[in-house]
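Here's the letter readout for the chains.
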Amino acid sequence: MANEGSGRYPEAVPLFCDVALPVPLDQTFTYAVNGAVPTVGARVLVPFSGQRLMGVVLRVHSDPLPEGIEAKPVQQVLDDAPLLPDELMRLATWIASYYVAPLGEVLRGMLPLSAEVKRHLVYRIAEQGRKVLYEGAEKGSSRRSRLTPEEQNREYAVLNYLESGEPAKASALRSATQANKALLDGMVKKKWLLREAIADQRDARRLERIAVLVPEARLPKLNDNQTAILAELAAVGGRMRISDLRALQVPDSTLGTLVKRGLVAIEEVPEAFHMGGIGQHPSKKHAHEHALNEAQMEALSTIAAAMAKGGFQPHLLYGVTGSGKTTVYFAAMQRALDAGHSALLLVPEIGLTPAMTGQLVAAFGAEVALLHSQLTPDERAEQWHRIRRGEARIVVGTRSAVFAPLVKLGLIIVDEEHDSSYKQEETPRYHGRDVAVMRAKFNDATIVLGSATPSLESWSNSEKGRYRRVEMLTRVMNRPLPEVELVDMRAEFQATGQENLFCRRLIEETQATLDRGEQAIILLNRRGYSFVVMCRSCGEKIECENCAISMTFHKPATRTDLHAHPGERLECHYCGFRRSVPKLCPKCNSEHLYYLGAGSQQGEERLQEIFPNARIGRMDRDTVRGRSDMERLLTRLHAGEINLLVGTQMIAKGHDIHGVTLVGVVGADHALGLPDFRAAERVFQLLTQVSGRAGRGDLPGKVLVQTYHPDHYAIQFAAKHDYPAFVAKEMQYRRWMHYPPFSVLANVLIQSDKLEEATGWSATLGGWFQKTSFDKVRILGPAAAPIVRLKRIYRYHFVLKAEKRQTLGEVLRRMLAFADAQGIPRRSILVDVDAVHLM
Ligand SMILES: Nc1ncnc2c1ncn2[C@@H]1O[C@H](COP(=O)(O)OP(=O)(O)OP(=O)(O)O)[C@@H](O)[C@H]1O
Ligand SMILES: [Zn+2]
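All residue numbers here refer to positions counted from 1 along the written sequence of the relevant chain. Each chain takes a letter, starting from A, and each ligand takes a number, starting from 1, following the order in which they are written. Local features in this predicted model are restricted to residues of pLDDT 70 or higher, and side-chain atom pairs are both shown and tallied only at a pLDDT of 80 or more, whereas totals for entire chains, interfaces and linings draw on every residue.

The name given to the protein in an unreviewed UniProt entry is Replication restart protein PriA, with Granulicella arctica as the source organism. UniProt positions are given in the numbering used here, feature names are shortened, and annotations may be inferred rather than shown by experiment. Of the comments in the UniProt record for the protein, the one headed Sequence similarities (unreviewed entry) reads "Belongs to the helicase family. PriA subfamily." Heading Subunit (unreviewed entry) of the UniProt record for the protein holds this comment: "Component of the replication restart primosome."

Draft legend 1. A look at the nonpolar core. By size, the foremost hydrophobic cluster in this structure holds 170 residues, and its most contacted members are Ala92, Ala332, Leu344, Val395, Val665 and Leu687. By residue number, the principal contributor to this core is helix α14 (residues 325-338), which donates seven residues. Every residue in contact with alanine 332, bar those within four places of it in the chain, is listed here: Leu300, Ile303, Ala304, Leu411, Ile413 and Val448. A set of buried residues drawn from Ala, Val, Leu, Ile, Met, Phe, Trp, Tyr and Cys, joined through C-beta atoms within 7 Å, is what defines a nonpolar core. Burial is judged by counting the other C-beta atoms within 10 Å of a residue's own C-beta: 20 or more makes it buried, 12 or fewer makes it exposed, and any count in between marks it as partly exposed, with every C-beta position built from the backbone. Counting 13 residues, the second largest nonpolar core, distinct from the first, contains Leu173, Met187, Trp192 and Leu193. Strands here mean DSSP runs of E at least two residues long; helices mean DSSP runs of H or I at least four residues long; both are numbered from the N terminus. A pair of residues counts as a contact when their C-beta atoms, built from backbone coordinates, are separated by no more than 7 Å.

Draft legend 2. Here's a closer look at the sheet that holds strand β20 (residues 519-524). Two strands make a pair as long as DSSP finds a minimum of two bridges between them. The six strands lie next to each other as β19-β29-β28-β20-β27-β26, forming an open sheet whose pairing is parallel. Two strands lie at the open edges of the sheet, namely β19 (483-488) and β26 (616-619), each paired on one side alone. Ignoring strand direction, the axes of neighbouring strands in this sheet form an average angle of 15 degrees. Looking at chain direction, strand β28 (residues 660-666) and strand β29 (residues 702-707) are connected through four bridges and run parallel. The residue of β29 that forms the bridge with valine 665 is valine 705. Between N-to-C directions, angles span 0 to 180 degrees; the directions come from axes that are lines fitted to C-alpha atoms, helices contributing only their stretch in contact.

Draft legend 3. Expanded view of the UniProt feature "domain: Helicase ATP-binding" (unreviewed entry) in the protein. Here, UniProt's "domain: Helicase ATP-binding" (unreviewed entry) annotation points to residues 306-472. In residues 306-472, the share of helix is 36% and the share of strand is 22%. The end C-alpha atoms are 18 Å apart.

Draft legend 4. Molecular detail of the environment of phenylalanine 531. Within the secondary structure layout, phenylalanine 531 lies in strand β21 (residues 530-535). Classification of phenylalanine 531 by C-beta neighbours within 10 Å gives buried; the count is 22.

Draft legend 5. Quick peek at the UniProt feature "binding site: Zn(2+) 2" (unreviewed entry) in the protein. Under the UniProt annotation, the feature "binding site: Zn(2+) 2" (unreviewed entry) is placed at Cys544, Cys547, Cys572 and Cys575. In sequence the annotated residues extend across 32 residues, while in space they remain close, none of their C-alpha pairs exceeding 8.6 Å. With respect to the secondary-structure elements, cysteine 544 resides in the loop between β21 and β22 (552-554). Following the sequence through the fold, cysteine 575 ends up in the loop between β23 (569-571) and β24 (578-579). Once you skip the residues sitting within four places of it in the chain, cysteine 575 turns out to touch Cys544, Asn546, Cys547 and Lys791.

Draft legend 6. Examining unusual backbone geometry more closely. Of note, the bond from threonine 427 into proline 428 is cis; its omega dihedral lies within 30 degrees of zero at -10 degrees. Looking at the element boundaries, proline 428 is found in the loop between β16 (409-414) and α17 (432-442). Omega for the bond connecting glycine 781 with proline 782 falls within 30 degrees of zero, at 10 degrees, which places this linkage in the cis form. Structurally, proline 782 is set in strand β31 (residues 777-790). Positive phi, normally seen in glycine, also occurs at lysine 791, with a value near 50 degrees. Mapped onto the fold, lysine 791 is located in the loop between β31 and β32 (793-802). What makes lysine 791 partly exposed here is the crowd of 16 C-beta atoms within 10 Å.

Draft legend 7. Highlighting helix α7 (residues 149-161). The end-to-end C-alpha distance of α7 is 18 Å, a good match for the 18 Å that 13 residues give at a rise of 1.5 Å each. All buried positions along α7 are accounted for by Arg154, Glu155, Val158 and Leu159. Considered in projection along α7, the buried side chains sweep an arc of 140 degrees and stay on one side of the axis. In α7, the exposed residues that point more than 90 degrees away from the buried face are Pro149 and Glu150. In a helix, the anticipated span is given by 1.5 Å times the number of residues less one. Directions pointing from the helix axis toward each C-beta atom define the arc.

Now the structure itself:
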């Protein structure tokens, strides 16, 4: 009789499926299987509190439902096969548990395919519609009789048209039946029709249109718009995506005219291929064209040996700025390909290092897929499928590319692993680097975390032997690291009797650099003109209406401020709120407003006054949004068209401009005063990275750092290029204060647009934390968050520090359960495990 169970129901199909949905609830939802049985890992569309949501099936079963509960049916099964490979499902589960985030929200972030379902709206006949059609149900009901006879006929026509059960596009339906949108909406409301968004099967590889300058053409008379296009093309080396040309805001017809006149040609090339010609500089060699030096060889052979051996092998590549890490990455990726594996390279921000993408395409051609935030949902979905089909075996992308469905993943590289942009600042608040490590583990892959300034967490892992450390301690070609000089701004003030933005030494050195025909860059890490507007009478700073944040004064946009609002204004850099510049203090009506703190816009203006002959460029969020702005600016820098660059931390990111021999740092030590335990680490990283831009060519570099804290260890050790000494000192402080890497930390934010709620809930949770005892967990708070109001939301927080990861997870889960029982909405509690900003 042992077989009876399976023999009795030979064709038993599961009745239900459990679905993870992108909602802030830590549970799955059960739906009734309706027709096709979905596979685990497939996407389905299901009804959820009046909406349709896309979810992922986690389990199919026939377990009886609790008494009195009825499962709603699945509306549509979107995939025949699991969309996510097993390995990624495991990763999702790990993220949900580690970051205490709902699995559905984790999965949503992993499936960049919403475009496919949002594509177009279709209508289908519903159960109730059939009843009406077949049985004339509801005839004469009050609702129906409000319609005119013509309208009733149209409704009938619609039902008739859809009778077969096939969905129809809204447009087709309307032209076939003359039904308008309002009528269809009414039918959906009455539940006669279902409205759905369905997938469009588009697999063709995308072509991109490139405008190409025709070189020999003798220039005839041109209008301004035509000249603008030709000048732009010439400036970027003759080739440019047409989509990028749109940034010039000239009419589309202008390009057409230029093509007709033979001045510009249009080429269509598969996406990502044309970049071979963009973002590179002919005078420079690509990373993969160098013969590796000894240190690079050694690093490569360690990594290659790990790949050959197989298994999870984490590495920390600590290589000083300009030591040629990129070349090692490329060589290692080539090895992975040669061994039949795929490789993933994560970078902090693709748009900011266009040279790297150009080099990748040059090195790996059609094998490359790029994933970054500027892709449209369609483009993202297409890349995703290419990768999943194994057509792209080299994937390069920002944070979320860690979820790219590579086949036979053998190597993961995380470039600039210390960069805080790897942390996602919304749910799920995962850290791309740490997820990458887990993913390598699940895939038995080799992973390399690379940086000139490794995070303390990674360094500590390398000290403990969890990561194998590989070092490259000198620059390529024996180039020296730049000499760093500190200028004490307190002494400068005493000597000059003035608060000057640029000290005398910096002006002197800049002048000398320009006179020698070399280039200088100056870091001023705030954008705008002045970042504080203050009243001398009442002492108040002008704050944003929505945020507890000082507003930044912006002068009218200059020609380079492509992305800035054109007018003079105050702007909140957190919520974007803008207001006109008041003549009087909004609090006390005094007219004595004054402007403090110089941003990059002011820096540019002052430099232009001091060096009228300099060819100045500016790099910040007002002048650079995406890749094409960056490419344009970098091309001009490489060509020497710009010889003095001022900008925010963007200028510190991986750029390799050989003519730069001087770097000036202004006001970077402000950040030492921020209420964040990572303040010193960040300042050290920024100083080291920006200093690293100097002297990367044949001539040695020099760095001048203006500071009010010349004795601070972060500044001292950065000046000496002594990362190990900085880390040793910083580790002492972290150990003493029980901060990571000596504890695991979570920031818990309580937020509400009502102050009483935010404080009340914080007090409730605070009381619970006090009453409940946990093993070796320190809890700070509740306290007002450093930014107590942001985008009209009041914010209070707790900081939890635990000795063990597992305890931290338990505390957080119990706290959420308690909050739930108290009726505190889940959306009002943000749990940020391994928070990188406590703001
Ligand atoms: N073996 C080599 N011989 C000569 N030049 C090399 C070699 N390897 C790399 N380079 C060149 O050295 C420069 C610095 O390399 P790369 O940008 O990879 O440095 P990095 O270590 O990534 O620095 P950073 O951390 O500052 O970004 C580049 O111009 C690169 O082309
Ligand atoms: Zn604001």
